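Notes for the structure review
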Amino acid sequence: MSERRVKTDVLVIGGGLAGCFAAVKAKELNADVVLTEKNYVGKTGCSHYARDFMVFKEEWGDKFDEWMQQFSQIGEYIADRRWDEIILRESYPRFRDLISWGEPFYKKDGTVGFPEPEEEPFRLAFRKTKYRRTAVISKFGARHKMLIARKKVIDSGCKILDRLMITDLLEKDGRVVGAVGFHTRTGEFYVVEAKATVVSSGGLGFRAAPYGRQFNTGDGVTMGYRAGAVLTSMEFGQGMYVVKDCDTVVIDGPVAEIGKKRDRVTNANGEEFLNEIPHVPINILWPLEFHKGRGPIYHEPYGVDREKYKEELKKFDETAEGPWITMLDRAGLDIFNDRFEQYMAFSGNFVTGGLRVNTSCETNVPGLYAAGDASGTNYTGPTYAALGSGMAGASITGYRAGQGAAQFAQKVKEFKLDGSEVAKYRQIVFGPLEGKSGFSPDHVLMRIQQTIFPYEIRMVMHGKRLQAALTMIEFFRDHFVAKLRASDSHDLRKAHEVRSMVLGAEVMLRTALFRTESRGWFYREDYPRRDDKNWLKWIFVRKEDEKMKIWAEPVPKEYQGDTSLPYEERYPLQYQKE
Amino acid sequence: MPIEKIDTERCNGCEICVDGCPMDVIGFDGESKKAFVKYKKDCIACYNCEQDCPVEAVYVSPQRGTMIPPAW
């Protein structure tokens, strides 16, 4: 395979919204920037499929203390309050950045346009409850929002390399000095030398069913781990609603937004098992219902102005979201009149965990920065803080990582790679193309999914079952990954993705075994309660002597909330009658 | 598997779907100047291709292609 060398100040790996922000910011600080993407910048990342952007602004009536309290409670007292404050304070300036890039948003009157600086855009308001006040989510007005971001990246003078699968970080003298990979169409070997590197390639999603996450295979998180970076909160994960018989995600969100009342969600006995739950993140209650043998779970239309609802959904079809109405119609599902089976699918580790970063998005490895879902900011704890905080978080961490990386690149010394170092990486990258026998990536992917996805493994957890899954993942690591065989450069991408997912799964299962309690969406049947005495802690992992070293550190005292409150008051999300 | 076909009669060779596919499922035939489904099994049903096609040449099936284990 021919070799291509690229030299730059700042390399950004992954071109979703976090990566675009990192690139634009680094360039603004006069760094040369290369942005790589295994897909195509403008059509990928969770960002392409997201719609909401959280904008907090006190002038519009948002109360800072209330929000910090809400983040703390929903994050079950292990949310990182430094980051919570950053997310709240910097959501508005990043929102304005997006508008200056040419991103339209919904205005208050329902039209799509560019709100003036002091003009409050359309923002959703959830019903106020004791536990959750209002949402402060604005909505992107363009389905092609990421193409607008792409244009901004190019106009700023950054270089984009699409279809470039980065597989490993380049290390020299304890520093990350770029990365290696290959072009997924031409098969060319790429060596990108960079003074600073930002990993913004998304979360660890195992190519799960929920819409828009199937390419998030934890590539950046695991390559950071291999380069010596510390990971945090990898035990957590989330489930997302999907329609069981149709390849789309629906539908609780729009219902809660538009209708005054939540749609009915019932189990096989016709019981509304969510009714008494305050509006805190409740995704874990679905798998708990599965576990009691009370499936199927049905979503039933109820209490919604159907015409208005349909109109709103159509609007999302045309602007920011997927073609739900078309697809549901095509599948023969009339969601306005018929009940349908709804499923909660495990979708991996996204917002909260990833590469441990400080508030400059710097990891413990010099020259390595992380942003977006690849970064482990811990800002939401073991749930999801607020709708739209994913996109706000991507923008904010991207901006900060771009800034940190550009400043690092300015002060750091030149380096020179020698041939033998590069040859070692070439072997890692193209190994699966050699030889005629071995295991296909498709086979390994199927086995990973069969091991991780059943609800009783990673959603309703138990030490014994986690251990059983880990035993299988170790076998995949030692037997399948060691003998991966790819048939062409397209297949080679999948080989590296499964290599990453097997490592990610091992990290996830080992850390899940380590946390011997339940918290937020992290539920262990063998430890079914929050353990404030022992587990107001974050879990960290790093590679040490080729082994996984796992440890916990207490969260600062001032993050822990009022520990004298009764359990039920401290934790409004009750798994069952405890 | 979700992507069912790209209608070669309709396809105008603009390559929007080729660029827009996150899984690189769609190839481009340099001779006929038409897009074609190259790696069907990797389709994730994101509907980018169908939504973006200016001449309505792409059809994506809504049938679930991604794995969800039954829980009941």
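Residues numbered from 1 in each chain as written. Chains lettered and ligands numbered in written order. Predicted model: local features only at pLDDT ≥ 70, side-chain atom pairs only at ≥ 80, totals over all residues.

Before going further, it helps to examine the pairing of strand β21 (residues 537-544) of chain A. All names here are of chain A. The sheet contact formed by strand β11 (residues 231-232) and β21 spans 2 bridges and is antiparallel. Paired with threonine 232 across the two strands is phenylalanine 540, which belongs to β21. Where β21 meets strand β22 (residues 547-554), 8 bridges bridge the pair, whose relative direction is antiparallel. Note that in β22 the partner of arginine 542 across the bridge is lysine 549. Between β21 and β22, which pair antiparallel in sequence order, lie 2 residues; one of them, aspartate 545, sits at a positive phi of approximately 50°. (Pairing = 2+ DSSP bridges. Helix = DSSP H or I, 4+ residues; strand = E, 2+ residues; numbered from the N terminus.)

A separate point is the sheet that holds strand β15 (residues 340-346) of chain A. Residues and elements named next belong to chain A. Taking strand neighbours across the sheet as the criterion, the 4 strands line up as β12-β15-β14-β13 in an open arrangement whose pairing is antiparallel. Whereas interior strands pair on both sides, the edge strands pair on one side only; in this sheet they are β12 (239-243) and β13 (264-266). Across the sheet, the mean angle separating the axes of adjacent strands is 35° when strand polarity is ignored. Two strands pair when backbone bridges link them, and β13 and strand β14 (residues 298-300) are joined in this way by 3 bridges, in the antiparallel orientation. Following the sheet pairing, valine 265 is matched in β14 by histidine 299. (Axes fitted to C-alpha atoms, helices over the stretch in contact; angles between N-to-C directions.)

Turning our eyes to something else, we now look at the domain arrangement of chain A. All names here are of chain A. For chain A, the domain assignment lists domain 1 (3-237 + 348-411), domain 2 (239-346) and domain 3 (433-570). Between the C-alpha centres of domain 1 and domain 3 the distance comes to 22 Å. The partner domain 3 presents 37 residues to the 38 residues of domain 1 that form the contact. With 5 residues, the top contributor of residues to the side of domain 1 that touches domain 3 is helix α6 (residues 219-226). (Domains from an automatic or database assignment. Contact = placed C-beta atoms within 7 Å.)

The next subject is the packing of helix α1 (residues 17-28) of chain A against helix α5 (residues 145-155) of chain A. Residue and element names in this part refer to chain A. One can describe the packing of α1 onto α5 by two numbers: an axis separation of 9 Å at closest approach and a directional angle of 20°. On the basis of their axis angle, the class for α1 and α5 is roughly parallel. The handedness of the crossing between α1 and α5 is left-handed. Of α5, the residues touching α1 (which contributes Leu17, Cys20, Ala23 and Val24) are Ala149, Lys152 and Val153. Residues of the contact of α1 with α5, tallied by class, amount to 6 nonpolar, no polar and 1 charged. (Parallel < 35°, antiparallel > 145°, perpendicular 65-115°, else oblique. Left-handed = near helix turned anticlockwise from the far one by under 90°. Nonpolar A, V, L, I, M, F, W, Y, C, P; charged D, E, K, R; others polar.)

It is worth spelling out the interface of chain A and chain B at this point. Listed per partner, the contact involves 32 residues of chain A and 23 residues of chain B. Those elements giving two or more residues to the side of chain A that touches chain B turn out to be α10 (324-330) and β15 of chain A.

Let us now look at the environment of B:Arg64. Along the polypeptide, B:Arg64 turns up in the segment after β4 (58-60). Expressed as a C-alpha distance, the spacing of B:Arg64 and B:Pro2, which sit 62 residues apart in the sequence, is 7.2 Å. In this structure, B:Arg64 is in contact with A:Asp245, A:Cys246 and A:Asp247, ignoring residues within four places of it in sequence.

Turning next to the sheet that holds strand β16 (residues 354-356) of chain A. Residues and elements named next belong to chain A. Reading across the sheet, the 5 strands line up as β18-β16-β11-β21-β22 and stay open at both edges, with mixed pairing between neighbours. At either margin of the open sheet sits one strand with a lone partner, and together these are β18 (375-376) and β22. Where β16 and β18 come together, 2 bridges link them in parallel fashion. Paired with arginine 356 across the strands is glycine 376, a residue of β18. Helix-sheet contacts for α6 involve β11, β16 and β21, and the interaxial angle to β16 is about 40°. On the sheet, helix α16 (residues 489-514) packs against β11, β21 and β22 and is oriented at approximately 45° with respect to β22.

One face of the sheet, then the other: side chains in a regular strand alternate in exactly this way. Residue and element names in this part refer to chain A. The buried count for strand β10 (residues 189-199) comes to 10 of 11 residues, which makes it a mostly enclosed element. Inspection of the sheet shows strand β1 (residues 3-13) paired to β10 by 10 bridges, in the parallel sense. Note on β10: the bridge partner recorded for lysine 7 is glutamate 193. Where strand β9 (residues 175-183) lies against β10, 5 bridges are found, and the strand directions are antiparallel. Residue glycine 181 lies in a different strand from β10, and its bridge partner there is tyrosine 190. Counted between consecutive antiparallel strands, the loop separating β9 from β10 contains 5 residues, among which glycine 187 sits at a positive phi close to 75°. In terms of strand pairing, β10 meets strand β17 (residues 368-370) through 3 bridges, oriented parallel. Considered in β17, the bridge of threonine 197 is made with leucine 368. (Buried ≥ 20, exposed ≤ 12 C-beta atoms within 10 Å, placed from the backbone.)

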